[in-house]
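Residue strings, one per chain:
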Protein chains: 2
Amino acid sequence: MWTKALAAVLAMALLAPALAQEEDGYDLWLRYRPLPQAGRDDVLRQAQAIVAPRSSATVQAAVTELRRGVQGMTGQAPADAAQPRAGAIVLGTAATLPPALLPDGLAALGREGYAVRRMESGETVIAANTDIGLLYGAFAWLRAANTGMPLDRLDERSAPKLQLRVLNHWDNLDRTVERGYAGESIWNWWALPDVRDRRYTDYARANASLGINGTVLNNVNSKPEILTAPWIAKAAALADVLRPYGIRVYLSARFSTPLELKETATADPLAPEVAAWWARKADEIYRAIPDFGGFLVKANSEGQPGPQDYHRSHADGANMLAAAVAPHGGVVMWRAFVYAAENPADRARQAYDEFTPLDGKFAKNVLVQVKNGPIDFQPREPFHPLFGAMPKTPLVMEFQITKEYLGYATHLAYLGTMFEEALRSDTARAPGGLTVAQVVEGAQTPGRPTGMAGVANIGSERTWSGSHFDQANWYAYGRLAWNPQASSRAIAREWAAQTFTREPRALDDIVGMMSMSREAVVNYMTPLGLHHIMGTGHHHGPAPWVAELARPDWNPVYYHKADRNGIGFDRTARGSNALAQYAPAIARQYGDPRTTPEPLLLWFHHLPWDYAMPSGRTLWAELVARYDLGVTQAQALRTRWAALKPFVDARRHEDVAALLDVQVKEAQWWRDACVAYFASVSGRPLPAGTKRPALPLERYKALQFPYAPGRG
Amino acid sequence: MWTKALAAVLAMALLAPALAQEEDGYDLWLRYRPLPQAGRDDVLRQAQAIVAPRSSATVQAAVTELRRGVQGMTGQAPADAAQPRAGAIVLGTAATLPPALLPDGLAALGREGYAVRRMESGETVIAANTDIGLLYGAFAWLRAANTGMPLDRLDERSAPKLQLRVLNHWDNLDRTVERGYAGESIWNWWALPDVRDRRYTDYARANASLGINGTVLNNVNSKPEILTAPWIAKAAALADVLRPYGIRVYLSARFSTPLELKETATADPLAPEVAAWWARKADEIYRAIPDFGGFLVKANSEGQPGPQDYHRSHADGANMLAAAVAPHGGVVMWRAFVYAAENPADRARQAYDEFTPLDGKFAKNVLVQVKNGPIDFQPREPFHPLFGAMPKTPLVMEFQITKEYLGYATHLAYLGTMFEEALRSDTARAPGGLTVAQVVEGAQTPGRPTGMAGVANIGSERTWSGSHFDQANWYAYGRLAWNPQASSRAIAREWAAQTFTREPRALDDIVGMMSMSREAVVNYMTPLGLHHIMGTGHHHGPAPWVAELARPDWNPVYYHKADRNGIGFDRTARGSNALAQYAPAIARQYGDPRTTPEPLLLWFHHLPWDYAMPSGRTLWAELVARYDLGVTQAQALRTRWAALKPFVDARRHEDVAALLDVQVKEAQWWRDACVAYFASVSGRPLPAGTKRPALPLERYKALQFPYAPGRG
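Residues numbered from 1 in each chain as written. Chains lettered and ligands numbered in written order. Predicted model: local features only at pLDDT ≥ 70, side-chain atom pairs only at ≥ 80, totals over all residues. Heavy atoms only, no water.

1. Side note on the overall build of chain A
And then number 1: Looking only at helices and strands, one finds 21 helices and 16 strands in chain A.
And then number 2: For 712 residues, the compact-globule estimate of 2.2 N^0.38 gives 27 Å, and chain A sits close to it at 26 Å.
And then number 3: Counting only C-alpha atoms and orienting by the principal axes, one finds that chain A spans roughly 85 × 65 × 50 Å.
And then number 4: Each of the 712 residues in chain A was classed as buried or not, and the buried ones make up 63%.
And then number 5: Put simply, 73% of the contacts in chain A that link residues at least 6 apart link residues at least 24 apart.
And then number 6: Surface accessibility of chain A: about 24,600 Å² in total, with carbon and sulfur atoms responsible for 54%.
And then number 7: In chain A, the 75 positive side-chain charges and the 71 negative ones have mean positions that sit 2 Å from each other. (Helix = DSSP H or I, 4+ residues; strand = E, 2+ residues; numbered from the N terminus. Rg over C-alpha atoms; globule rule 2.2 N^0.38 Å. Buried < 20%, exposed > 50% of the residue type's maximum accessible area, 1.4 Å probe, protein only. Contact = heavy atoms within 4.5 Å. Areas by Shrake-Rupley, 256 points an atom, 1.4 Å probe, with all protein chains shown as cover. Lys, Arg positive; Asp, Glu negative; His and termini not counted. Charge placed at Lys NZ, Arg CZ, Asp CG, Glu CD.)

What follows is the structure, encoded as structure tokens:
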């Protein structure tokens with residue numbers, strides 16, 4: 001009888017792996033699925049037991065994660081052990097590790113760094129100066145195991161190059177998400193603080209695995225209520241969940257909050273009652289959240305209130321808030337994304353014009369947060385001219401992980417390559433070069449804080465990010481925030497190995513797809529430096545024809561300036577001269593279309609349709625060829641994915657395939673609509689051998705998307 | 001080596017059940033978890049093999065579900081077999097079953113009925129007249145197996161008592177859900193029709209398991225776009241997924257659609273161009289969805305357009321639409337929920353006043369859809385006086401499954417008892433009685449269609465319904481739509497056995513909690529017939545003091561009419577005389593407070609605070625006692641659940657416990673705020689021994705919930 005029962009249990013249990021093969025993506029890159037035999041043996045040899053010092057919640061999280069990982073990868077749970085021994089993973093700090101296991105120079109790894117090393121004596125040591133370093137080290141070991149590194153030779157040291165590695169959630173208090181394409185906000189504000197969704201813990205695990213150590217919970221287009229007692233309590237409940245994972249909570253503050261709550265008569269940053277209100281508010285927040293990170297502020301931008309409403313400067317506003325949080329160790333991240341309808345200057349110029357005069361005027365705990373490019377998260381932009389141009393001010397890089405302008409969560413577009421392109425750009429602001437990454441790492445501002453912000457693509461959907469491949473953009477952001485000089489290709493490989501398969505050929509293919517995917521989007525949406533020709537408001541689909549919006553700089557025609565004679569935005573000295581905001585070497589090089597990198601040609605130059613491109617084609621023929629190339633590339637993504645079917649579980653393979661079908665369709669739509677429009681404007685026939693757009697231009701113009709997602 | 005590998009696989013597999021114990025609620029009542037030994041043996045004996053006739057998608061769904069169920073419950077998959085034999089489940093119709101296995105009188109079970117019977121010869125026969133009957137029969141067998149019925153004596157016949165068993169989704173095209181407390185709409189409109197979320201199939205399975213055979217995809221507050229080509233394509237994609245499960249798609253139509261789309265110059269139902277437009281539109285829809293169910297319409301109600309805008313009647317409007325869908329076999333469900341600000345009559349009267357004169361004037365394929373009570377889904381209402389009062393018109397019962405007025409998805413309130421109370425009410429419209437259920441079943445309208453509609457509580461959240469216990473309300477609705485005379489207690493037991501545990505004592509406790517839960521809500525929110533004293537707009541929390549809204553009938557004070565002297569809405573002949581809309585026997589009985597059922601006392605009567613209640617208390621003391629009882633009952637729910645910890649997996653137990661904590665807190669808030677308010681209005685001291693409210697009344701009045709969910 002007992003045998004029969006056991007047999008039944010075994011039989012049932014055996015079904016489990018078969019069912020488990022249907023993956024829904026919830027587990028992200030922390031899947032810990034059974035390894036092939038060799039990998040399993042390797043893990044089992046190194047992780048027979050875990051030795052951990054004492055039990056802070058953070059160390060507990062590290063041990064739990066190691067246990068979960070080893071169990072998942074091998075089917076066997078490691079034992080607890082009190083003393084280091086061969087075959088054990090030993091976590092510890094200088095205070096707890098036996099001298100023989102203590103790595104040299106541990107102190108140099110700082111507050112968050114870690115060393116992971118397999119000793120000759122058979123122990124694997126995870127060493128750090130703090131508990132959070134141990135957690136990061138535990139994730140590093142799991143990543144190594146998951147990606148098939150030889151664990152018996154492991155010797156890795158790492159410390160983050162930036163101090164503040166932060167997600168920006170554009171999540172509203174009603175649980176919508178501005179520019180969110182992955183469902184609702186993961187913050188169930190209504191149920192907080194009483195109900196703490198288990199998803200918050202998984203969010204913390206995923207972020208900690210990348211080293212992300214801060215999260216701004218709410219939209220930069222903020223509301224006064226977020227700073228009232230009920231919402232502080234909600235934020236505090238989240239902070240309690242995130243704290244063991246080394247993640248601090250920040251809030252976006254609306255500059256006019258005290259005025260709108262009717263608790264002051266003005267929001268003037270120089271009015272003593274205003275400064276006093278913010279100081280009291282900071283005290284109240286820190287009572288609830290002792291490690292509160294600080295405020296993120298969008299001021300005097302796109303209708304948000306700010307210090308300029310009172311004829312004060314951005315520095316006046318930021319410094320007043322900074323004084324409120326300074327006694328508690330908090331910071332203010334002040335966004336440089338400002339542009340005004342009443343300002344007739346080229347929108348690309350405005351942030352630089354407003355902020356460079358303030359360099360040196362910000363308080364010590366203020367960071368200025370700058371988008372990667374001077375317009376707004378386009379598929380391709382040159383780097384923002386503020387990088388390198390505010391040598392006395394710490395600049396936070398702001399990337400957008402959610403794909404507002406790159407096909408939502410529908411299109412496969414790996415952003416690692418885009419982030420890398422921005423970070424590796426040379427500002428030419430120092431002899432021998434000064435990359436954007438170096439600026440962000442604080443090369444110009446030693447001793448001041450450093451940071452990177454990523455506008456999150458995380459929502460309530462089961463996949464977290466709206467699609468399986470969009471998880472890679474969260475991953476890549478996190479890894480680049482840890483090390484802005486990392487390789488986007490290596491990151492892609494690391495992610496794909498953990499997420500899909502370790503089979504090397506399949507991995508090559510997936511990484512290849514990812515590496516070309518963003519370029520494909522650039523080609524079928526905005527080739528050769530075109531930008532901001534998307535649909536109005538929702539930014540979905542092509543709309544280069546839009547010309548009637550209230551603000552000139554909301555209209556696509558403002559950006560492409562195409563007419564009978566030519567196309568492109570002249571930002572040289574003959575035009576808006578935005579180019580002068582760059583270092584002289586760059587201004588010189590980009591001042592001539594012949595020496596301007598082709599991908600940015602029409603960003604900086606207005607050129608005749610007949611302009612001769614290096615390819616030998618006219619500009620017009622080149623433009624059409626690029627659109628065609630984009631479609632071909634989208635088709636190639638689909639074809640290559642189809643061939644990967646044997647390597648990916650059926651469900652996720654099907655999920656991705658369905659989206660790639662849409663991507664091909666929408667790439668074709670982009671190409672057809674843009675080619676039809678530019679043909680009509682230029683009055684030129686299609687280059688020989690080119691396919692006609694499927695529909696007349698008017699049909700593309702008539703398309704409406706009143707219920708597009710991401711309005712927030 | 002092979003042995004070692006096998007051992008590793010087995011070890012891993014063995015972990016699975018342990019992990020699986022953490023349930024997140026996604027599987028609903030279709031969990032198919034391993035049975036205890038006796039049950040497993042029983043299932044294995046009866047389900048060694050499955051014999052199915054031919055493979056329509058519907059039969060395939062039945063076989064797949066049986067296979068999934070048997071495998072889940074026993075760990076063993078049944079074999080496929082070509083010929084009936086002992087120990088096999090044999091599915092078939094009169095055309096395919098061997099005569100020896102054919103149940104008598106199968107034809108009488110109609111298009112959707114089924115017979116499930118274990119034969120002496122050892123086969124279990126699932127017989128029906130159609131494929132969908134076979135699917136329903138398969139679910140019936142699985143339900144029996146899951147709830148521990150003796151499968152070797154199974155002999156069940158069942159046919160639905162209503163023809164149209166329909167969910168109404170109040171889901172908007174932007175994916176918000178009006179009165180939705182379970183995340184976004186499950187319809188990912190944006191991704192449709194290209195991406196068909198697997199959740200749609202699970203939705204279909206869950207509904208088919210209850211016999212729900214229709215779904216209105218979009219909000220009754222409808223938009224013109226739903227009837228344009230892109231949205232018809234999205235609805236058609238959903239219809240394709242749902243069709244094998246016997247579920248037809250319906251759409252809510254906005255009456256002014258052709259006018260708003262600028263395709264007609266009017267929406268007057270008697271204008272030929274309007275009728276022609278709708279006929280063409282119906283043709284277009286039926287080309288995409290050949291089994292389209294028809295239209296649901298909210299007209300001339302709460303600002304929605306309708307035929308009265310053109311001085312036409314509801315019948316004129318409904319019949320025009322009915323003519324458009326009639327050639328295709330479609331129906332129109334026309335809502336009777338109408339009330340107008342400009343009408344000074346008691347809001348509870350208005351539907352009856354408007355609709356009874358139209359009895360007999362509706363086309364054959366029109367059903368009038370009537371809410372269970374005359375106001376709006378309150379925790380308790382008397383049955384709607386239209387039931388029994390329109391003997392020539394088929395009336396669809398409209399229940400609200402989502403708990404707009406009963407604590408959202410936070411409070412545990414099993415609605416089975418509430419639905420049952422309405423259905424079992426005697427309209428007294430026939431000698432010997434005529435219950436609401438009988439009216440809905442068509443006792444007065446033989447040969448005409450019958451139906452029930454439930455406003456869905458389904459959303460994108462992992463639990464589907466926002467909480468584990470709210471799944472029971474979906475379940476109870478479905479089972480009552482199949483058989484409006486079923487017992488809510490038996491349904492609760494059946495649901496809980498499948499959802500939580502089959503342990504009889506634990507089951508008794510869970511069913512006990514469910515059975516008292518709605519009464520608890522009535523007591524702490526609106527005892528003794530009070531109604532509509534919730535917060536403005538969002539309907540969250542107490543707000544009996546609200547008096548300043550534009551429409552008198554939006555104000556709580558309109559409904560309770562409390563003042564220094566007394567409380568309650570006089571609906572007798574001395575008051576609004578809404579009571580005269582009921583049958584004379586009821587009007588007589590309820591005309592006197594002494595013979596009015598206590599739960600409805602203040603619904604029909606305005607009484608002095610000193611009115612002597614049967615309990616011997618004054619009305620004032622009774623009211624306070626009821627509020628106190630409600631709090632005590634909420635506390636009892638929490639205590640009883642805590643004791644159930646050994647019987648429920650840790651995660652779901654914790655999820656429910658967290659919500660019960662909130663429920664106790666909010667019950668106390670309701671009690672305190674209402675007692676404080678009515679004490680202030682009546683000028684009476686608290687009855688002796690009564691606790692003072694925790695806060696002064698002004699503090700309750702000051703509470704604001706600007707971001708409450710469910711706005712849609």
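Here the narrative resumes.
2. As for the sheet that holds strand 3 (residues 88–92) of chain B
Residues and elements named next belong to chain B.
And then number 1: Here six strands make up an open sheet; going across it, the order is 2-1-3-5-4-6 and the pairing mixed. Each edge of the open sheet is held by one strand with a lone partner, namely strand 2 (79–80) and strand 6 (155–158).
And then number 2: In the sheet, strand 4 (residues 114–118) pairs with strand 5 (residues 124–128) via five bridges, with the strands oriented antiparallel. Paired with Arg-117 across the bridge in strand 5 is Val-125. (Pairing = 2+ DSSP bridges.)

3. Points about the sheet that holds strand 13 (residues 395–400) of chain B
Residues and elements named next belong to chain B.
And then number 1: Reading around the barrel, the eight strands line up as 7-8-9-10-11-12-13-14 and close back on themselves, with parallel pairing between neighbours. Strand after strand, the sheet turns through a mean of 25° between neighbouring axes, direction not considered.
And then number 2: Judged from the four bridges that link them, strand 11 (residues 331–335) and strand 12 (residues 366–371) form a sheet pairing that is parallel. From the neighbouring strand, Trp-334 faces strand 12, where its bridge partner is Val-368.
And then number 3: Packed on one face of the sheet, helix 13 (residues 471–482) meets strand 7 (164–168), strand 13 and strand 14 (451–455) and runs near 155° to strand 7. (Axes fitted to C-alpha atoms, helices over the stretch in contact; angles between N-to-C directions.)

4. Overview of the packing of helix 5 (residues 198–210) of chain B against helix 6 (residues 229–242) of chain B
Residues and elements named next belong to chain B.
And then number 1: Between helix 5 and helix 6, the shortest axis-to-axis distance is 9 Å and the interhelical angle comes to 50°. Taken together, the axes of helix 5 and helix 6 lie oblique to each other. With respect to the hand of their crossing, helix 5 and helix 6 are arranged in right-handed fashion. In this structure, helix 5 uses Tyr-200, Thr-201, Tyr-203 and Ala-204 to contact helix 6, whose residues at the interface are Leu-238, Val-241 and Leu-242.
And then number 2: Residues that form the contact of helix 5 with helix 6 fall into these classes: six nonpolar, one polar and no charged. (Parallel < 35°, antiparallel > 145°, perpendicular 65-115°, else oblique. Left-handed = near helix turned anticlockwise from the far one by under 90°. Nonpolar A, V, L, I, M, F, W, Y, C, P; charged D, E, K, R; others polar.)

5. Details of the environment of Ala679(A)
Residues and elements named next belong to chain A.
And then number 1: Within the secondary structure layout, Ala-679 lies in helix 20 (residues 650–682).
And then number 2: The exposure class of Ala-679 is buried, given its relative accessible area of 15%.
And then number 3: Remark: the alpha-carbon pair of Ala-679 and Leu-697, spanning 18 residues in sequence, is separated by 9.7 Å.
And then number 4: Not counting residues within four places of it along the chain, the set of residues in contact with Ala-679 comprises Trp-620 and Arg-684.

6. Comments concerning the UniProt feature "domain: Glycosyl hydrolase family 67 C-terminal" (unreviewed entry) in chain A
And then number 1: Feature annotation in UniProt assigns "domain: Glycosyl hydrolase family 67 C-terminal" (unreviewed entry) to the following positions: residues 466–690 of chain A.
And then number 2: With 54% helix and 2% strand, residues 466–690 of chain A has end C-alpha atoms that lie 35 Å from one another. (UniProt positions renumbered as here; feature names shortened; annotations may be inferred.)

7. Comments concerning the pairing of strand 11 of chain B
Residues and elements named next belong to chain B.
And then number 1: Most of strand 11 is tucked away: five of the five residues are buried.
And then number 2: Alternating positions in strand 11 separate into two faces, Val-331, Met-333 and Arg-335 on one and Val-332 and Trp-334 on the other, with burial throughout.
And then number 3: Sheet analysis places strand 10 (residues 294–297) next to strand 11, joined by four bridges and oriented parallel. For Val-297, the partnering residue across the bridge sits in strand 11 and is Trp-334.
And then number 4: Regarding the hand of the β-α-β motif, the stretch spanning strand 10, helix 9 (residues 314–325) and strand 11 is right-handed.
And then number 5: Note that the unit made of strand 11, helix 10 (residues 347–355) and strand 12 has a crossover that is right-handed. (Right-handed = clockwise from strand over helix to strand, strands pointing away.)

8. Remarks on the domain arrangement of chain A
Residue and element names in this part refer to chain A.
And then number 1: Once the domains are mapped, chain A shows domain 1 (24–158), domain 2 (164–499) and domain 3 (523–569 + 606–701).
And then number 2: For domain 1 and domain 2, the distance between their C-alpha centroids amounts to 31 Å.
And then number 3: At the interface, 23 residues of domain 1 touch 29 residues of domain 2.
And then number 4: Overall, the association of domain 1 and domain 2 removes approximately 2,400 Å² of surface from exposure, summing both partners, and the carbon and sulfur fraction of that is 56%.
And then number 5: Of all residues in domain 1, the largest losses of buried area upon contact with domain 2 belong to Tyr-26, Trp-29 and Arg-143, amounting jointly to 36% of the total for that side.
And then number 6: Counting across the interface, domain 1 meets domain 2 through three salt bridges.
And then number 7: Our count for the contact surface shared by domain 1 and domain 2 stands at 13 residue pairs in polar contact (both at pLDDT 80 or more).
And then number 8: Of all the secondary structure elements, the ones that give two or more residues to the side of domain 1 that touches domain 2 are helix 3 (57–74) and helix 4 (131–146).
And then number 9: Counting residues per element, the side of domain 1 that touches domain 2 draws most heavily on helix 4, which supplies six residues.
And then number 10: Looking at the side of domain 1 that touches domain 2 residue by residue, the classes come out as 12 nonpolar, five polar and six charged. (Domains from an automatic or database assignment. Buried area = accessible area lost by both parts, 1.4 Å probe. Salt bridge = Lys/Arg side-chain N within 4 Å of Asp/Glu carboxyl O. Polar contact = N/O pair within 3.5 Å; in protein donor to acceptor, adjacent residues only side chain to side chain.)

9. Looking at the UniProt feature "domain: Alpha glucuronidase N-terminal" (unreviewed entry) in chain A
And then number 1: Per the UniProt annotation, the sites labelled "domain: Alpha glucuronidase N-terminal" (unreviewed entry) are residues 28–141 of chain A.
And then number 2: Between the end C-alpha atoms of residues 28–141 of chain A the distance is 17 Å, and the span holds 34% helix and 18% strand.

10. Concerning the side chain of Asn213(A)
All names here are of chain A.
And then number 1: You can see Asn-213 is positioned in the loop between helix 5 (198–210) and strand 8 (214–216).
And then number 2: Looking at Asn-213, the relative accessible area reads 8%, which means it is buried.
And then number 3: Contacts of Asn-213, omitting those with residues within four sequence positions, involve Glu-112, Tyr-136, Gln-163, Leu-164, Arg-165, Gly-246, Ile-247 and Arg-248.

11. Quick notes on the packing of aromatic side chains
And then number 1: Throughout the structure, instances matching the rule amount to 76 aromatic pairs over all chains.
And then number 2: Ring centres 5.3 Å apart and planes at 45° place the aromatic pair Phe469(A) and Phe500(A) in the tilted group. In this pair, Phe469(A) sits in the loop between strand 14 (451–455) and helix 13 (471–482) while Phe500(A) sits in the loop between helix 14 (488–499) and helix 15 (504–525), placing the two residues 31 residues apart along the sequence.
And then number 3: With a relative accessible area of 8%, Phe469(A) lands in the buried category.
And then number 4: Centroid distance Trp464(B) to Trp474(B): 5.9 Å. Interplanar angle 55°. Geometry classified as tilted. In this pair, Trp464(B) is assigned in the loop between strand 14 and helix 13 and Trp474(B) in helix 13, connecting sequence segments 10 residues apart.
And then number 5: Feature note: the residues Tyr26(A), Trp29(A), Trp187(A), Tyr200(A), Tyr203(A), Trp464(A), Trp474(A) and Tyr475(A) constitute an aromatic cluster, connected by ring pairs.
And then number 6: Of note, Arg199(A) hangs over the ring of Trp464(A), and the distance from its end group to the ring centre comes to 4.2 Å.
And then number 7: Against the face of Phe569(B) rests Lys561(B), its NZ or CZ located 4.4 Å from the ring centre. (Phe/Tyr/Trp six-rings, centres within 6.5 Å; stacked < 30°, edge-to-face > 60°. Lys NZ or Arg CZ within 6 Å of the ring centre and 35° of its normal.)

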